[in-house]
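Here's the letter readout for the chains.
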Amino acid sequence: MDFQDAGQDFSVEDVETVVKGAIGIVLNDTMYNPKKVNDWSNSIIDSSLKGLQSLNRPYKYAITVIIMQKNGAGLVSAASTYWDLSKDGLCKVNWENNTIHCLVTVYGLSVNVESQTETD
């Protein structure tokens, strides 16, 4: 399979749809509770990874989740990457309700290796 085949590029739209669905299942109509944040984070990650795996794309994924109480406090998040801009990708999803801010970041790293004939 050639990496440039249709549907194999990192699709921010597809990743965003999967992650928003995962967040919605876990946090929709939920009030902030600091005792549940760890479980919520793990559930969002698990659901997102299952959804991303179902896309059948040649990527390894790393996901971070930040959940914080919506109380007027600021949050700054930054990322730096050194990767192949033509194959790898990043998707950030912000979500909030009346009591919760949630930021999910998905890093997609291509695992499609060039064939041996091309590297020789």
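Preceding block: the structure.
Please read these numbers as outputs of a predicted model, since none were measured by experiment.

1. Things to note about the overall build of the chain
If you tally the helices and strands in the chain, you get three helices and three strands. Here the chain holds 120 residues, and 35% of them are scored as buried. Nonlocal contacts in the chain, meaning residues at least 24 apart in sequence, comprise 72% of its contacts between residues at least 6 apart. Approximately 7,800 Å² of the chain is accessible, and the part contributed by carbon and sulfur atoms is 49%.

2. Let's talk about the sheet that holds strand β2 (residues 89-96)
Spatial strand order, β1-β3-β2: three strands in an open sheet with antiparallel pairing. Single-partner strands in this sheet number two, and they are β1 (59-69) and β2. Within the sheet, the average angular offset between the axes of one strand and its neighbour, ignoring direction, is 15°. Here β2 runs beside strand β3 (residues 100-110); their pairing, made up of eight bridges, is antiparallel. Paired with Leu90 across the two strands is Tyr107, which belongs to β3. The strands touched by helix α1 (residues 12-27) within the sheet are β1, β2 and β3, with β2 carrying the most contacts at an inclination of about 35°. Relative to β1, helix α2 (residues 37-54) is tilted by about 150°, and along the sheet it contacts β1 and β3.

Rules of the game
- Residues numbered from 1 in each chain as written.
- Predicted model: local features only at pLDDT ≥ 70, side-chain atom pairs only at ≥ 80, totals over all residues.
- Heavy atoms only, no water.
- Helix = DSSP H or I, 4+ residues; strand = E, 2+ residues; numbered from the N terminus.
- Buried < 20%, exposed > 50% of the residue type's maximum accessible area, 1.4 Å probe, protein only.
- Contact = heavy atoms within 4.5 Å.
- Areas by Shrake-Rupley, 256 points an atom, 1.4 Å probe, with all protein chains shown as cover.
- Pairing = 2+ DSSP bridges.
- Axes fitted to C-alpha atoms, helices over the stretch in contact; angles between N-to-C directions.

Nothing here speaks to function; it is all geometry.
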